[in-house]
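Each chain is listed here by its residues.
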Amino acid sequence: MFAIEPIAEGAHLFESDRSGLVWIDRAALEESGLSDEAWRLYHDFGISRGDRIGCPRDFNNLTPGWYLNEPAAGDEPNVRVDNELNFFAARDIARGEELTVRYTDFSDAP
């Protein structure tokens, strides 16, 4: 995801995203018989916290916030996340700059 206009430090990104999350027990997912392709969606987009995975209500409607990448090795992310999973510009972000976030700031390490 890339900025299409300059973003000021502290700006609340994706504030209008009201799609919400659902939290699913990891054990229930593992027992559900999901196809490899379906399981990959939870792996790639899920927020892992303990024995649960947070995911969009519908993988068919992923909103822009789900597409942030991590920064390159040695680089600092330009997006930060609070405890309620709100995303904010960690610094001024230039037009055309990729938005990056450190996944371990809001999800357990894989």
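The structure presented is a predicted model; accordingly, all values stated were derived computationally and were not measured.

Conventions adopted
- Residues numbered from 1 in each chain as written.
- Predicted model: local features only at pLDDT ≥ 70, side-chain atom pairs only at ≥ 80, totals over all residues.
- Heavy atoms only, no water.
- Pairing = 2+ DSSP bridges.
- Helix = DSSP H or I, 4+ residues; strand = E, 2+ residues; numbered from the N terminus.
- Axes fitted to C-alpha atoms, helices over the stretch in contact; angles between N-to-C directions.
- Contact = heavy atoms within 4.5 Å.
- Salt bridge = Lys/Arg side-chain N within 4 Å of Asp/Glu carboxyl O.
- Buried < 20%, exposed > 50% of the residue type's maximum accessible area, 1.4 Å probe, protein only.

Draft legend 1. Geometry of the sheet that holds strand β4 (residues 52-56). Here we have three strands laid out as an open sheet, ordered β2-β4-β3, and antiparallel in their pairing. If you trace the sheet from one side to the other, it starts and ends with β2 (21-25) and β3 (47-49), each paired once. Direction aside, the axes of adjacent strands within the sheet are offset by 25° on average. Pairing of β2 with β4, which is carried by five bridges, proceeds in the antiparallel orientation. Note that in β4 the partner of tryptophan 23 across the bridge is glycine 54. The strands that helix α2 (residues 36-45) touches are β2, β3 and β4; relative to β4, the one it contacts most, it runs at about 95°.

Draft legend 2. View of the pattern of salt bridges. The full count for this structure, using the stated rule, is three salt bridges. Here aspartate 44 and arginine 40 are joined by a salt bridge, their closest N and O atoms 3.2 Å apart. Taken as a pair, aspartate 44 and arginine 40 lie in helix α2 at a separation of four residues, close to a single helical turn. According to the relative accessible area criterion, arginine 40 is partly exposed, its value standing at 47%.

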